[in-house]
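# Chains, contacts and geometry: an overview
Each chain, letter by letter, is given below.
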Amino acid sequence: MIIERILIALLFLSGFSAIVGMRNIIKKIFGLNLLNASVVLLFILEGSRIGNQAPILDADITNMVDPIPQALMLTAIVIGVCVSALSLALAVRLYRATGSLDIQVITERLQREH
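Quick summary incoming for the structure in this document. (Residues numbered from 1 in each chain as written. Predicted model: local features only at pLDDT ≥ 70, side-chain atom pairs only at ≥ 80, totals over all residues. Heavy atoms only, no water.)

### A few points about helix α3 (residues 67–98)
Since one α-helical turn is 3.6 residues long, residues separated by three or four positions face the same way. Across its 32 residues, α3 extends 46 Å between first and last C-alpha, which sits within 8% of the 46 Å expected from 1.5 Å per residue. Those residues of α3 that fall on the buried side of the exposure criterion are Pro69, Met73, Gly80, Ser84, Ser87, Ala91 and Thr98. Against the buried residues of α3 lie α2 (25–50) and α4 (103–113). Looking one or two residues past α3, glycine 99 carries a phi angle of roughly 80 degrees, positive in sign. (Helix = DSSP H or I, 4+ residues; strand = E, 2+ residues; numbered from the N terminus. Expected span 1.5 Å × (residues − 1). Buried < 20%, exposed > 50% of the residue type's maximum accessible area, 1.4 Å probe, protein only. Contact = heavy atoms within 4.5 Å.)

Structure below.
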């Protein structure tokens with residue numbers, strides 16, 4: 001279990017470093033997706049420790065999985081896809097307006113316009 005947590009932490013840190021350290025907007029969006037995936041994986045990993053049987057009411061079920069974290073992670077996946085789509089649409093609009101995906105170049109060109 002500790003190896004899975006270390007891998008999830010590395011995935012989270014790589015996504016966070018892409019958001020903080022990269023200048024390209026597409027790479028930042030990719031980092032945001034990595035961050036979202038790492039959080040979803042962490043919740044699924046921790047939720048799997050609670051139980052291992054489906055939440056179907058039966059007499060001999062003793063170690064039932066909690067369905068609430070699973071439902072929340074499905075919601076998080078859908079929201080992550082929507083955020084990615086919106087971010088990519090905004091990146092396309094910025095590229096059409098400025099001709100670049102580099103944040104510093106975009107900032108300079110937008111400051112020159114105003």
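### Some points on the packing of helix α1 (residues 2–21) against α2
Helix packing for two helices is described by the angle between their axes and how far apart those axes are. Remark: α1 packs on α2, axes separated minimally by 7 Å, with the N-to-C direction vectors making an angle of 160 degrees. Judged on the interaxial angle alone, α2 and α1 are roughly antiparallel. As α1 runs across α2, the sense of the crossing is left-handed. Residues of the contact of α1 with α2, tallied by class, amount to 15 nonpolar, four polar and six charged. (Axes fitted to C-alpha atoms, helices over the stretch in contact; angles between N-to-C directions. Parallel < 35°, antiparallel > 145°, perpendicular 65-115°, else oblique. Left-handed = near helix turned anticlockwise from the far one by under 90°. Nonpolar A, V, L, I, M, F, W, Y, C, P; charged D, E, K, R; others polar.)

### Some remarks on the side chain of serine 100
Take serine 100: it is sitting in the loop between α3 and α4. Here the side chain of serine 100 touches aspartate 102 through a polar contact of 3.0 Å, landing on its backbone nitrogen. Setting aside residues up to four positions removed in sequence, serine 100 forms contacts with Leu94, Tyr95, Val105, Ile106 and Arg109. (Polar contact = N/O pair within 3.5 Å; in protein donor to acceptor, adjacent residues only side chain to side chain.)

### Notes on α1
Helix length check: α1, at 20 residues, gives a terminal C-alpha distance of 28 Å against a target of 28 Å (1.5 Å per residue), a fit within 8%. Taken together, the buried positions of α1 are occupied by Ile8, Gly15 and Ala18. For α1, the arc enclosing every buried residue in end-on projection is 85 degrees, short of the 170-degree limit, so these residues lie on one face. Turned more than 90 degrees away from the buried face of α1, the exposed residues are Ile2, Ile3, Leu10, Leu13, Val20 and Gly21. (Arc of directions from axis to C-beta.)

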